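# Analysis of the macromolecular model
Residue-level listing of the chains:
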Amino acid sequence: MSKKNRSYIYLLVGLVAVVGLSFPLEASVNSYDMRIIINIGISMILAASLNLINGFTGQFSLGHAGFMAIGAYTASALTTLVFGSAEGVTQELLFLVVLLAGGITAAIAGLLIGIPSLRLKGDYLAIVTLGFGEIIRVILQNIEPLGGSLGISGIPRYTTFIWTFGILAVLIFISENLMRSTYGRGFLATRDDEIAAESVGVNTTKYKVIAFVIGAFFAGVAGGLYGHYNSLIRPLDFGFLKSVEIVVMVILGGMGSTWGVLLAAALLTYLPEALRKIDLFGVSLSDFRMTIYSLALILLMIFRPQGLLGNFNPKEFAGRFKKNGQSKKSKPAVS
Amino acid sequence: MRKLLFILLSGLLSGGIISCGNDGSDGGEESDVIKIGHFASMQGDIATFGQQTNNGMLLAVEEINAAGGVLGKKIELKTEDTRSTTQDAGLAAEKLISQDKVTVLLGEVASSLSLVAAPIAEREKVPMVTPASTNPEVTVDKNGNVRKYVFRVCFIDPFQGKVMAKFAKENLNATRVAILKDNANDYSVGLAKNFQETFVGMGGEIIAEQAYEAKQVDFKSQLTAIKAMNPDAIYVPGYYTEVSLIAEQARDLGITAPLLGGDGWDSPELTKGKFKEALEGCFFSNHYSVEDTTALVKSFTEKYAKMFNGEAPGAMSALGYDAMYIVADAIKRAGSTEAEAVTKAIGETRDFKGITGNITINSQHNAEKSAVVLQIKDGKFTYFATVAP
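Since the model is a prediction, treat every value here as computed from it, not as a measurement.

Cut-off values and rules
Residues numbered from 1 in each chain as written. Chains lettered and ligands numbered in written order. Predicted model: local features only at pLDDT ≥ 70, side-chain atom pairs only at ≥ 80, totals over all residues. Heavy atoms only, no water. Helix = DSSP H or I, 4+ residues; strand = E, 2+ residues; numbered from the N terminus. Buried < 20%, exposed > 50% of the residue type's maximum accessible area, 1.4 Å probe, protein only. Contact = heavy atoms within 4.5 Å. Areas by Shrake-Rupley, 256 points an atom, 1.4 Å probe, with all protein chains shown as cover. Phe/Tyr/Trp six-rings, centres within 6.5 Å; stacked < 30°, edge-to-face > 60°. Salt bridge = Lys/Arg side-chain N within 4 Å of Asp/Glu carboxyl O. Polar contact = N/O pair within 3.5 Å; in protein donor to acceptor, adjacent residues only side chain to side chain. Nonpolar A, V, L, I, M, F, W, Y, C, P; charged D, E, K, R; others polar. pLDDT = per-residue confidence, 0-100. Lys, Arg positive; Asp, Glu negative; His and termini not counted. Pairing = 2+ DSSP bridges. Axes fitted to C-alpha atoms, helices over the stretch in contact; angles between N-to-C directions. Expected span 1.5 Å × (residues − 1). Left-handed = near helix turned anticlockwise from the far one by under 90°. Core = buried A, V, L, I, M, F, W, Y, C linked by side-chain atoms within 4.5 Å. Domains from an automatic or database assignment.

Across its full length, chain A carries 13 helices and 4 strands. Taking all 335 residues of chain A together, 53% fall into the buried category. Excluding contacts between residues fewer than 6 apart, the proportion of contacts in chain A whose partners are at least 24 apart in sequence is 79%. As displayed, chain A offers around 15100 Å² of accessible surface, 68% of which is attributable to carbon and sulfur atoms.

Shown next as C-alpha cells:
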C-alpha cells in the first residue's frame, strides 16, 4: 500500500472512531463531563492550528485569539442574524456552512495580516500579531449590531462531540500530511534557518503566509464551535490572555510536536476542572486552582523545557520495543 | 534526577486527575440536606463582587440552618468559581446542575456570565436566581420570551439609568450632563444608554459622550474634552476600579461638577486613601443603604461584620443574602424541592421583605423594588433619597 493511501485510511479510521465513540459517550457521560470533553476538543483544535505557525514554521504569533474571535463572530452572527429564520435547511448543513464561513473569514484576515507582517522576524512579528488580536477585540467591542461589549447571546447549541472531534481529526490529518509534503519541508526549513533556506531558493515568506492562513482558518472554525457551544461570545473572551493560553499549550506540548501539543491542550484544559474537586487536608483546592495551574506550568518548564513530547518520535518509540533497544540514535523530531 | 522529578510530577498530576474522576455522583441519595449551587467570580476581574455575594449567601445559610432549616432539612451551599470567564461560567453551572444535582442555581453578578448559564438552566429545567445581573436579556430572551426557570432579585439596567436621570434632573436641577462610560463593559454601556434616553426625554441635554476601557489608568484626554463643555454633572456608570482614578484626575483638571454613578461604585475601595476627597459630594444609585436603621438591615450589617472580620456588607452581599432567603422562602411555600414546584413558588414571590427593599417578582421575572441614591460624605456612603419604580 502506498504511503499516501495509508494516510487517508488513518483519517477514515479516526472519523469512524469519533462517530463510534460518540454514542456510548453521550449515553454514559453527564453533561458536565461532556462539556469538559468538548472544551478539550476545541482547545486541541486551537493548539494544533497554532502549532502550524509557532511550532512548524517557527513564527511567534500572539494573535491566535483574534482569528478565533473573527471565526466565532462570523459564524454566530450568520446563525443568529441571517439564518435565524431560514427554513428547509437541515441544521447540519447550516452549521457546516457557517463554520466554513467563519474559517474562511479568519483565513482572509490571516492573509491580510500575514502578507505585510510576516516579513518581520521574531519579536517584531510577536508585537504585530499581539496588536492585531487587540485591534480585533476593540473593533468587535464597538460594533453595536454585534452586541458591543455584551457580545452575541442566544446562539443555538449546534456543537456536538462528532463535530468537534471530526474537525480535529481532519486538522491532524492535514497537518501531518502537510509536514510530509514540499510545504512541510518549506515550513521546517524556514524554522530551522531562514537565511540558509532563502539562499537555496526557498521563498520563506510564501511558506510563512501559507502556514499562517491554514492556522487562522482552523482557529476561525474553532471559534465557531466555541460560540455554538457556549451560547454567548463576548469580545473580552478573545483577549490577550486567550492567545497566551494557546501559546502555552504549544510550548508545553513541545513546539512542532502535534501529539505533544494535543496532550498539553487536553491537560491544561482539564487541570483547572480537576482542581475543583480535590480536597487536601480538608482545604478545598478550588480556591487556589489558578495558583496551582501556574505552578504546574513553571515546574513543567523547569524540568521539561523541550515540552511534554518535545523530542518524542512515535516510530522510534515503537521501534525501541520491537528491536529491543537496537533502534537508531535519535534524530531531531519532525513530527 | 530531572527525569525522576518529571516522572514524579506527571504521576502526581495524573493521580490527581484519576482520583477525582468519580466523586460527587454519590450526592443524590442524602435527603437530609437541600443543595443550593452558586456559580460566582471567586477569582478574576470582578472577584470582589463574587466574594461579596457568596459571603451574603453564607450568612443567610447560617441563619436559616440555625433556625431549623427548610422543610426540616439543612441547606448546603456549593460554590463554584467562574474565573470571570464565559467558558468557566458554563462549566461551573453545568457541574452544579448535572454532578452536584442542586435544587436551585444561584449566580453571577456579571450579566454576560449569567447569560451563559441561563440556557443551561432552561435545558436542565432547574430554577436559577441571579442576585445581581441587571441586563434585561437574562430573564427575557432576545425574541421577547420570558425564560421559564430564570429569575432575578435586583432591578434592571433601564431602571437604574432612569433613576439617575430623574435624580439629576429633579434633585440636582441639571440640564447639561456629560457621559463617560466604559466601552468594554456591557453594564456600563447599558446604563449610559438608558440614562441618556430618559434624560433627553425629560428635556435635558447630553453635551458630551466619552468612552474609556476597563483597566485604563489615564483619563485626561476624555476629561479635558468634557471640561471644555462645562457640564452640570458627569454620569460615570463604571466599576469602582476606574471611577476612583477618574474622579481624582477630574479634580486635578479643575472639574468641580459632581460625578454620578450606579451600583458598580459600591465598594469600600472607591473612597480609600487619596481618593476620599475627589469623590466628596458625588452621588450613585444603589440597591440599599448601610445606613438604613430598620431593624432588618441593622441586624444584617451587624451579623455580617461579626462573621467576616468587621467588613461592611456591600450591595452585592445584600443581594446574595436576599437571593438565598427568597429561594428558601419559595422552597418552604412549595413544600418540596421538586424543580417545577420551586420554580412556580419563586415566580409567586410577593412583597418579600428583604435587605434591598420589598421584592415582588413580576411577570418578566424581574424584581420590582425601589432604588436608593447615596451621597458620598467624608468617604462614607450616606443615604440621600429613595426612588420608587
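A tally of regular secondary structure across chain B gives 12 helices and 15 strands. Across the 389 residues in chain B, those meeting the buried criterion constitute 59%. The long-range share in chain B, meaning contacts at least 24 apart out of those at least 6 apart in sequence, stands at 68%. Element-wise, carbon and sulfur atoms account for 52% of the exposed surface of chain B, whose accessible area totals about 15100 Å².

Residues and elements named next belong to chain B. For the structure on display, the rule yields 28 aromatic pairs over all chains. Ring centres 5.6 Å apart and planes at 40° place the aromatic pair W265 and F284 in the tilted group. Taken together, the residues span a long stretch of sequence, with W265 in the loop between β9 (259-261) and α9 (275-278) and F284 in strand β10 (residues 283-286) at a distance of 19 residues. Considering the side-chain rings of Y304 and F308, the 4.9 Å spacing of their centres and the 50° angle between planes classify their relative orientation as tilted. By relative accessible area, which is 15% here, F308 ends up buried. An aromatic cluster of at least three residues, connected via ring pairs, comprises Y288, F300, Y304, F308, Y321 and Y325.

In this section: the environment of B:L91. With respect to the secondary-structure elements, B:L91 resides in helix α3 (residues 86-99). For B:L91, a relative accessible area of 3% puts it in the buried group. Residues B:L91 and B:A117, 26 residues apart in the sequence, show an inter-C-alpha distance of 8.9 Å. With residues near it in sequence (within four places) discarded, B:L91 still touches A:Y32, A:R35, A:I36, A:N39, A:E273 and A:R276.

Counting residues at the interface gives 43 residues for chain A, matched by 42 residues for chain B. At the boundary of chain A with chain B, the tally comes to 4 salt bridges. Ionic pairing is found between A:R276 and B:D88, a salt bridge with its closest N-O pair at 4.0 Å. Remark: the boundary between chain A and chain B carries 19 residue pairs in polar contact (both at pLDDT 80 or more). Listed by contribution, the elements that provide at least two residues to the side of chain A that touches chain B are α2 (31-56), α5 (122-141), β1 (152-153), α9 (204-230), α11 (258-274) and α12 (289-303) of chain A. With 7 residues, the single largest contributor to the side of chain A that touches chain B is α11(A). Each residue belonging to the side of chain A that touches chain B can be placed in one class, and the counts come to 19 nonpolar, 11 polar and 13 charged.

On to the confidence of the model for chain B, then. The predicted coordinates of low-pLDDT regions are not to be read in fine detail. Residues and elements named next belong to chain B. Here chain B averages 87 in pLDDT, while 92% of its residues score no lower than 70. The secondary structure element of chain B with the lowest average pLDDT is helix α1 (residues 2-19), at 50, and the one with the highest is strand β4 (residues 128-130), at 95. The low-confidence segment residues 15-29 (pLDDT under 50) makes 12 contacts with residues lying over four places distant or belonging to another chain.

Let us look at the side chain of B:E108. Considering the arrangement of structural elements, one finds B:E108 in the loop between β3 (104-107) and α4 (111-124). Look at B:E108: it is buried, it has no salt bridge, and the nearest opposite charge is A:R234 at 8.3 Å. Among the polar contacts listed, one links the side chain of B:E108 to the side chain of B:S41, at a separation of 2.8 Å. A distance of 3.2 Å separates the side chain of B:E108 from the backbone nitrogen of B:A110, its partner in a polar contact.

Right, let's get into the sheet that holds strand β7 (residues 205-212) of chain B. By definition, the strands of a sheet pair up through backbone hydrogen bonds, in either a parallel or an antiparallel sense. All names here are of chain B. In spatial order, the strands read β7-β6-β8-β9-β10-β14-β15; together these 7 strands make up an open sheet with mixed pairing. Two strands bound the open sheet, and with one partner strand each, they are β7 and β15 (380-387). When the angles between neighbouring strand axes are averaged without regard to direction, this sheet yields 25°. By the bridge criterion, 2 bridges tie strand β8 (residues 233-235) to β9 in an arrangement that is parallel. Paired with I234 across the strands is L259, a residue of β9. In this fold helix α7 (residues 220-229) packs onto β6 (176-182), β7 and β8, with an angle of close to 170° to the strand it touches most, β7.

It is worth spelling out α11(A) at this point. Between its terminal C-alpha atoms α11(A) stretches 24 Å, which fits the 24 Å expected from 17 residues at 1.5 Å a residue. Here α11(A) lies mainly inside the structure; 14 of its 17 residues are buried.

This brings us to the environment of B:E340. All names here are of chain B. With respect to the secondary-structure elements, E340 resides in helix α12 (residues 339-347). According to the relative accessible area criterion, E340 is partly exposed, its value standing at 32%. A sequence separation of 191 residues divides E340 from Y149, and the C-alpha atoms of the two residues are 8.7 Å apart. When residues no more than four places from it in sequence are discounted, the contact partners of E340 are K125, K148 and Y149.

Here we come to the pairing of β15(B). Side-chain positions along a regular strand alternate between the two faces of the sheet. All names here are of chain B. Bridge count between strand β14 (residues 371-377) and β15: 7 bridges; the pairing is antiparallel. Along β15, the bridge assignment pairs L374 with Y383. From the end of β14 to the start of β15, which pair antiparallel, there are 2 residues, and D378 there has a positive phi angle of about 55°.

Our next topic: the packing of helix α4 (residues 91-117) of chain A against α9(A). Residues and elements named next belong to chain A. For the pair α4 and α9, the least separation of the axes is 7 Å and the interaxial angle reads 140°. For the pair α4 and α9, the sense of crossing is right-handed. Residue composition of the contact of α4 with α9, grouped by class: 17 nonpolar, 7 polar and no charged.

Looking now at the nonpolar core. Ranked by size, the top nonpolar core spans 120 residues in total, and within it B:I36, B:V129, B:F195, B:V236, B:W265, B:L279 and B:M324 carry the most contacts. Top contributing element to this core by residue count: helix α11 (residues 315-334) of chain B, with 12 residues. When residues of this core are sorted by domain, at least three fall in each of domain 1 (32-155 + 294-369) and domain 2 (158-286) of chain B. Contact partners of B:M324, with chain neighbours within four places excluded, come to B:I36, B:M57, B:A60, B:V61, B:I64, B:L77 and B:L106. Listed in part, the 93 residues of the second largest apolar core include A:I36, A:I40, A:A77 and A:V98.

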